[in-house]
Amino acid sequence: MRFFRGAAIGLFVLALAHPTVLFGQSDRRPLDHDAYDVWNRITSRALSNDGRWALHTLAPEDGDSRLVVDALDGNASHTIPFADNAAFTEDAQYVAFLIKPPLDSVRAAKRAGKKGDDLPRDDLGLLDTATGAVVRIPGVTSYKLPEKAAGWVAYLLADAPEASPDSAKTDTTAAKPSSSKKERQAGKPLVLRRLETADETVIDDVLAYAFSPDGRWLAAATETKDGSHDGLSVIETATGVVTPILAGPGDYEKPVFDKAGEQLAFLSNRDDFDADQPGFTLYRWTPAGGVEALAAADSAGMPADWWVSVDREPAFSESGSRLLFGTAPRPAPEPEEEPLDEEQPRLDVWNWRDPLLQPMQLVQRDRELKRAYTAVVLLEARRIVQLGTAVVPDVTVGDRGDADVAIGLSDIPYRQLVSWDDSYYDAYLIDVGTGRREMVAMQIGSRAALSPAAKYVYWWDGKARHWFGRSVEGGRVVNLTAGIPFPVDDETNDRPMAPSPYGSAGWSTDDAAFLVYDKNDVWSVDPDGQDAPVNLTAGLGREAHLRLRAIRLDPDMPAVDLAAPILLSAFDETTKDGGFYRLDARKSQRPAPLVMGGWRFGTPVKARDAERLLYSRENFGEFPDLWASNLSLGDPRKVSDANPQQAGYRWGTAELVSWTSNDGLPLEGILYKPEDFDPSKKYPMMVYFYERMSDNLNAHNAPATSRSSINFTFYASRGYLVFVPDIVYRIGYPGESALNAVIPGVTSLIAAGFVDPERIGVQGHSWGGYQIAYMITETNIFRAAEAGAPVSNMTSAYGGIRWETGMSRMFQYERTQSRIGGTLWDYPLRYIDNSPLFQADKIETPLLMMHNDADGAVPWYQGIEFFVALRRLGKPVWMLNYNGEPHGLQKYPNKRDFAIRMQQFFDHYLLDAPEPAWMSEGIPATMKGKTLGLELETAK
């Protein structure tokens, strides 16, 4: 037993329960890093509207994809290599998809110096599901299908074909070349194809296009370098007739149809195109009435010195009676002559009065420059109403755009607080007919919303720990959940901040009830506060320790129909089993179980026009393949078989373990065991943690590289135990809390007799990396440690910037994950005591760090501070800096390299494997790019 420092470490009783599937064959091989090349992921999936077909795309982590289309009756299956971005037509007679060039050919082209349009292109594929025949159309950049109509596909070619005898051009004989300063783009040929006959109509020079939902119309915006073929046209798909709507030099952007396909909206600056600042006009077209201008900078109802924003797509309300669009203040004119760069001062001015810190402003600069404020055209009255303003910038009109009221949110008065506290909002109700607003809630820590029928406004109040609401007609604010006898806020919250709610299932039809969750059950709440809450799940969740949550199977339904059966997801808090129940709220009965077991289920997708579900099912030993079933989860059929090669590899088991922390708290964790585990033997063990992860018992961990962490399956396959403990925190003492949770769990496993106490490693990243850095200043229980992107000095990190967001780091230490609970000047000793740097001299554990120079979350100087301290102290320490990478690795070669180096590091210390050159000798700067140093030392 190695020496322990710090608080006394006791041994506690170990409880093992609920093993997952065990693969006991001894002739299988352990996983290696080459497995990444053959292990598939399911990157997309879809169910046809009639429920007869399902599709999914398979792709390894760094390799070519393939599309699989299956008949769910088992009578047909089609596989198309290199295919992705697939979609069924409305009637499922066809599947459209893009065929990607093989990665080898793309890499070869790049090695040959080719770039951009000279690289291999995508092709369009069209699969006939009945025959399996595939039509391949070369050189396609995008395609679209009508949302609710069959028989058509439109696609944009990468280049103009040699001849387009049927091509259509808008008559622009009166057009003249533009004098605009804007750099002109050249559009590409757009092809409308009738799927049954393969008849095609081509419109040249298209930049943007859109189908009407019913497939009757296809709109196409065209642009040429000289402005000679600029315009917007519609094609009537049934006849192929092309109708020019508007033409002339200019930009034609964001065409969009209403739900019924009877109106088209778009933006164009044609009438103002020769101005120094061309302003856009909002247009509407109807087949009977033609085109009309609805809004421009000088229109009645537009704010003074504002114009129509091109940075927001117009949108019709659900009924089509309104057209929502964006407006913005007109920017100051550009100077006639730009000064030379060397004549311009370049600086940022940080002002203490700024609402947001200057770095945060710079991160958000482009977004702010493109901010569009909501306005609406009341089409019958042809009247514009400005809803969003600089004071209340965030506006949503209720009832999918048709309500007489909108909800407005403003965080502007509280923007400074995000640096050290939280985000807060004032909430307003806005009259859509007049733009007048009324404040209904001030400084709330959540985004208020309107109920689906826009009868109520509601929000979560974390400080009060309740949901609140109010009728939009006026009256008092109602505590919606006061009558629920159990907490509706997250009871596990251990951060010094207002807790989040358990959530909501939304509203019932016609806003009759608000449906909220406590920890276990679903409640129906009277939004007027008159009737007592009703437990829709009849207390089953709390009684059986189940977490029951409603599933919305129809994404087009804004409300829950309590008169129809409701599918519930179920999670057993004791065993971590998953499954589904059915709730029939009309009968006031307990939910009925449909399926429960040792799996984790993905959220089901329902076929639009059939009682068919598609979902994933997984556990540690079972890849999350796709399954199809009826609405009762009966007669399930496995649809995909993504990784049959798994049968040839050693795998393992996952078990739930429990112990008691040094703080006297019962805790749980997951123990992954190697295949053919023998409790009489002693195994090396890896420990990994973040906060609480035991609910992931039935999560599958496919062999894959990671942005920052070990792969549990990879290490278990190679003979390691892997222990993943939960942690509960005490505010002000995050490092000690982690120590008091993790170490008793480790010693409990040692006491069970199958862990080699001299061969225990620990790995974690970010928050996990910090906790590891702290722990190794207090204990020597770990033979080796890897701490990724650790905060080593909370005093220097506290005042820093999270560069990817531009935010101050203060909020993290005072209110969120670091859990200090106050400022540096409130609790200076807490910051010092929780900082590993100040105890670096106590460290005896060899430490590997990864901290990248483009880390925008934890400044990489934190890693540098720790590294140079340990280096000076003569401690064994290595730091990997993947150049240009952020907080977690993104590039596949770097992720693979990191996985290899971690394995080499831990195998050396825990398995007595030879030391690689990068550890024993390093890689001098003069050898950078010439060697990776992965070669192992030969035995001496």
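All residue numbers here refer to positions counted from 1 along the written sequence of the relevant chain. Local features in a predicted model are, by the rule used here, given only for residues with pLDDT of at least 70; side-chain atom pairs are given and counted only at 80 or more, and totals for whole chains, interfaces and linings are based on all residues. The side-chain quantities take in all heavy atoms of the structure and omit both hydrogens and water.

1. Re the overall build of the protein chain
Next up, step 1: In DSSP terms, a helix is any run of H or I states spanning at least four residues, a strand is any run of E spanning at least two, and both are numbered starting from the N terminus. When helices and strands are tallied, the protein chain shows 13 helices and 57 strands.
Next up, step 2: Here the globule rule is a power law, 2.2 Å times the number of residues to the power 0.38, and the radius of gyration is based on C-alpha atoms. In terms of overall dimensions, the protein chain is globule-like: its C-alpha atoms have a radius of gyration of 31 Å, near the 30 Å expected for 940 residues.
Next up, step 3: Taken along its principal axes, the extent of the C-alpha atoms in the protein chain is 90 × 75 × 70 Å.
Next up, step 4: Burial classes follow relative accessibility: with a 1.4 Å probe on protein chains only, a residue under 20% of its type's maximum area counts as buried, one over 50% as exposed, and anything between as partly exposed. Burial statistics for the protein chain: of 940 residues in total, 54% are counted as buried.

2. Some points on the pairing of strand β49 (residues 666–673)
On a regular strand, each side chain points to the face opposite its neighbour's, so the side chains alternate between the two faces of the sheet.
Next up, step 1: Counting buried positions along β49 gives six out of eight residues, so the element sits mostly inside the fold.
Next up, step 2: In short, DSSP must find at least two bridges between two strands for them to pair. As paired elements, strand β48 (residues 653–660) and β49 share eight bridges and run antiparallel to each other. In the strand pairing of β49, Thr660 is matched with Pro666.
Next up, step 3: Where β48 folds back on β49, the antiparallel hairpin that results is connected by five residues, among which Gly664 adopts a positive phi of roughly 80 degrees.
Next up, step 4: In terms of strand pairing, β49 meets strand β51 (residues 721–725) through four bridges, oriented antiparallel. Within β51, the residue paired with Ile670 across the bridge is Val724.

3. A look at unusual backbone geometry
Next up, step 1: If you check the backbone angles, Lys576 has positive phi at about 70 degrees while not being a glycine.
Next up, step 2: Counting through the fold element by element, Lys576 comes out in the loop between β40 (566–572) and β41 (578–583).
Next up, step 3: Here Lys576 falls in the buried class, since its relative accessible area comes to 4%.
Next up, step 4: In this model, Ala789 sits at a positive phi of 45 degrees, which is unusual for a non-glycine residue.
Next up, step 5: Among the secondary structure elements, Ala789 is positioned in the loop between β53 (784–788) and α8 (794–798).

4. Comments concerning the nonpolar core
Next up, step 1: Put simply, buried Ala, Val, Leu, Ile, Met, Phe, Trp, Tyr and Cys residues joined by side-chain atoms within 4.5 Å make one nonpolar core. Ranked by internal contacts, the top residues of the largest apolar core, which has 52 residues, are Met685, Val687, Phe723, Val746, Phe782, Leu847 and Phe866.
Next up, step 2: At eight residues, the largest contribution of residues to this core is made by helix α6 (residues 734–751).

5. A word on the pattern of salt bridges
Next up, step 1: Here, a salt bridge means any Lys or Arg side-chain nitrogen found within 4 Å of an Asp or Glu carboxyl oxygen. According to the stated counting rule, one finds 52 salt bridges in the structure shown.
Next up, step 2: Linking Lys259 and Glu318 is a salt bridge whose minimum nitrogen-to-oxygen distance equals 2.5 Å. Of this pair, Lys259 sits in the loop between β18 (252–257) and β19 (264–268) while Glu318 sits in the loop between β23 (315–316) and β24 (322–329), and the two are 59 residues apart along the sequence.
Next up, step 3: Relative accessible area serves as the criterion here: at 28%, Glu318 is assigned to the partly exposed category.
Next up, step 4: Its salt-bridge partner being Arg901, residue Asp897 comes within 2.5 Å of it at the nearest N-O pair. One end of the pair, Asp897, and the other, Arg901, are both in helix α12 (residues 892–911), four residues apart, so they sit about a helical turn from each other.

6. A short note on the sheet that holds strand β39 (residues 546–550)
The strands making up a sheet associate through hydrogen bonds between their backbones, and the pairing can be parallel or antiparallel.
Next up, step 1: The strand order across the open sheet built from four strands is β39-β40-β41-β42, with neighbouring strands paired in antiparallel fashion. In this open sheet, the two edge strands, each paired with only one partner strand, are β39 and β42 (592–597). Averaged over all adjacent pairs, the angle separating strand axes in this sheet is 20 degrees, with direction ignored.
Next up, step 2: As judged from the six bridges shared by β40 and β41, these two strands associate in the antiparallel manner. Paired with Ala570 across the bridge in β41 is Gly579. To get an axis, fit a line to the C-alpha atoms, keeping to the stretch in contact for a helix; angles then go from 0 to 180 degrees between the N-to-C directions.

7. Thoughts on the confidence of the model for the protein chain
Detailed reading of predicted coordinates is not advised where the pLDDT is low.
Next up, step 1: Scored from 0 to 100, pLDDT records how confident the predictor is in each individual residue. Per-residue pLDDT for the protein chain has a mean of 93; in total, 94% of the residues score no lower than 70.
Next up, step 2: Of the regions scoring below 50 in pLDDT, residues 1–25 engages in 84 contacts with residues more than four places distant in sequence or in other chains.
Next up, step 3: By the convention used here, residues are in contact when the closest approach between their heavy atoms is within 4.5 Å. A low-confidence stretch, residues 163–167 (pLDDT under 50), is modelled with seven contacts involving residues beyond four sequence positions or located in other chains.

8. Focus on the environment of Leu145
Next up, step 1: With respect to the helices and strands, Leu145 occurs in the loop between β10 (140–144) and β11 (152–157).
Next up, step 2: A C-alpha to C-alpha distance of 8.2 Å links Leu145 and Ala87, two positions 58 residues apart in sequence.
Next up, step 3: Once you skip the residues sitting within four places of it in the chain, Leu145 turns out to touch Ala87, Phe88, Thr89, Ala96, Trp152, Val153 and Phe211.

9. Topic: the packing of aromatic side chains
Next up, step 1: Pairing of aromatic rings covers Phe, Tyr and the six-membered ring of Trp, with a centre-to-centre limit of 6.5 Å; geometry is then stacked below 30 degrees between planes, edge-to-face above 60, and tilted otherwise. Using the criterion set out here, one finds 38 aromatic pairs in the structure.
Next up, step 2: Considering the side-chain rings of Tyr882 and Phe898, the 6.3 Å spacing of their centres and the 80 degrees angle between planes classify their relative orientation as edge-to-face. One end of the pair, Tyr882, is in the loop between β57 (877–880) and α12; the other, Phe898, is in helix α12, and 16 residues separate them in sequence. Phe898 matches Tyr882 in its accessibility class, with the two residues each being buried.
Next up, step 3: Taken together, the ring pairs in this structure connect Trp39, Phe620, Tyr649, Trp651, Tyr672, Tyr688 and Phe712 into an aromatic cluster.
Next up, step 4: Stacked on the ring of Tyr649, the Lys or Arg Arg29 has its end atom at 4.2 Å from the ring centre.
Next up, step 5: A ring is scored as having a charge over it whenever the NZ atom of a lysine or the CZ atom of an arginine sits within 6 Å of its centre and within 35 degrees of its normal. The lysine or arginine in question, Arg830, covers the ring of Tyr827, its NZ or CZ lying 3.8 Å from the ring centre.

10. Some details on α12
Next up, step 1: With 20 residues, α12 should cover 28 Å at 1.5 Å per step; its first-to-last C-alpha distance of 27 Å lies within 8% of that length.
Next up, step 2: With 18 of 20 residues buried, α12 lies mostly within the body of the structure.
Next up, step 3: Positioned one or two residues after α12, Asp912 has a phi angle of 60 degrees, which is positive. Given the number of residues in a helix, its expected span is that number minus one, multiplied by 1.5 Å.

11. Brief notes about a nonpolar patch on the surface
Next up, step 1: Together, Leu829, Ile832 and Phe838 make up an exposed nonpolar region whose accessible area comes to about 270 Å².
Next up, step 2: Looking at the element boundaries, Ile832 is found in helix α10 (residues 828–833).
Next up, step 3: For Ile832, a relative accessible area of 31% gives the class partly exposed. Like-charged residues within 9 Å of one another, or nonpolar side chains (Val, Leu, Ile, Met, Phe, Trp, Tyr) within 5 Å, are grouped into patches, provided each residue has over 30% relative accessible area and no salt bridge. All accessible-area figures derive from a Shrake-Rupley calculation using a 1.4 Å probe, and residue coverage is judged against the displayed protein chains alone.

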